[in-house]
Amino acid sequence: MKRPIVIGVTGGSGSGKTTVSRTIFEKFSDLSILLLEQDYYYKDQSHLPFEERLKTNYDHPFAFDNDRFISDLESLIAYKSIDQPVYDYAKHTRSDQTIHREPKEVIIVEGILILEDERLRELMDIKVYVDTDDDIRIIRRIKRDIEERGRTLDSVIQQYLSVVKPMHHQFVEPTKKFADIIIPEGGKNQVAIDLMTTKIASILSESNKA
Ligand code: C5P
């Protein structure tokens, strides 16, 4: 059986990488396609008290359980199903549930630090970096974290200035050099999305001929 295509979509928090991933996902929704977010693989912190979990640096590579992420991705590439972990942003830890996911022909892997780990980069066929200015990203993040992740304005600003921004410049932004495609201003960049979907379609039709 032919190997699934793996597309990595990264960029800073609030860059629009989720919009890019979802747009590609919808373009191929008649095919078999799966979206795997790195956020699902934040480390389990249920053994720590809540106050300790609040102090965790969630923008550092150490925050992620990449061993499990990579092993799940390798299983999917080998056409084996996985039980994907579920993350709870309000509790700052993994939930006790999992979601059963079946392998698919196209896998989109999305997250802030997916290009930081060489083992992950090696599993990807196309690597995309969504490049969006810091001011746009913080505005989006404030809105999202208050509306969807149960945060206060003060906590979002404090976390952004003390952790998210410095970690972005130390770990996320430098991974741009590993990208095959850099998309300015994210999900609304129709030309870039069209170019990507054409490329994915051509890889799919080539592998169907093989
Ligand atoms: O969806 P997005 O790429 O923005 O998700 C990554 C962000 O989630 C990180 O920048 C991190 O600061 C944030 N995060 C958080 N609290 C957690 C886990 C992650 O604020 N418990």
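The name given to the chain in an unreviewed UniProt entry is Uridine kinase, with the source organism recorded as Jeotgalibaca ciconiae. As its UniProt record puts it under Sequence similarities (unreviewed entry), the chain is described as follows: "Belongs to the uridine kinase family." What UniProt states about the chain under its Subcellular location (unreviewed entry) heading is, verbatim, "Cytoplasm".

To continue, consider the UniProt feature "binding site: ATP" (unreviewed entry) in the chain. Feature annotation in UniProt assigns "binding site: ATP" (unreviewed entry) to the following positions: Gly11, Gly12, Ser13, Gly14, Ser15, Gly16, Lys17 and Thr18. Along the chain, Gly14 turns up in the loop between strand 1 (5-11) and helix 1 (17-27). Setting aside chain neighbours within four positions, we find Gly14 in contact with Arg137 and Arg140. Note on placement: Gly16 falls in the loop between strand 1 and helix 1. Assessed through its relative accessible area of 13%, Gly16 is described here as buried. Setting aside residues no more than four positions away along its own chain, Gly16 makes contact with Val130, Arg140 and Gly187.

With 15 residues, helix 5 (residues 134-148) extends 20 Å from end C-alpha to end C-alpha; this agrees with the ideal 21 Å at 1.5 Å per step. Of the residues making up helix 5, those classed as buried are Arg137, Ile138, Arg141 and Asp145. Projected down its long axis, helix 5 shows its buried positions confined to an angular sector of 95°, all on one face. When the buried face of helix 5 is taken as reference, the exposed residues oriented beyond 90 degrees from it are Ile139, Lys143 and Glu147. Of the surrounding secondary structure, the elements contacted by the buried residues of helix 5 are helix 6 (153-172).

Turning next to unusual backbone geometry. Unlike most non-glycine residues, Tyr79 shows phi in positive territory, near 60°. Relative to the assigned elements, Tyr79 resides in the loop between helix 3 (66-77) and strand 3 (82-88). For Tyr79, a relative accessible area of 25% translates into the label partly exposed. In this structure, His92 is a non-glycine residue whose phi angle is positive, near 60°. You can see His92 is positioned in the loop between strand 3 and strand 4 (93-101).

The rules behind these values
- Residues numbered from 1 in each chain as written.
- Predicted model: local features only at pLDDT ≥ 70, side-chain atom pairs only at ≥ 80, totals over all residues.
- Heavy atoms only, no water.
- UniProt positions renumbered as here; feature names shortened; annotations may be inferred.
- Helix = DSSP H or I, 4+ residues; strand = E, 2+ residues; numbered from the N terminus.
- Contact = heavy atoms within 4.5 Å.
- Buried < 20%, exposed > 50% of the residue type's maximum accessible area, 1.4 Å probe, protein only.
- Expected span 1.5 Å × (residues − 1).
- Arc of directions from axis to C-beta.

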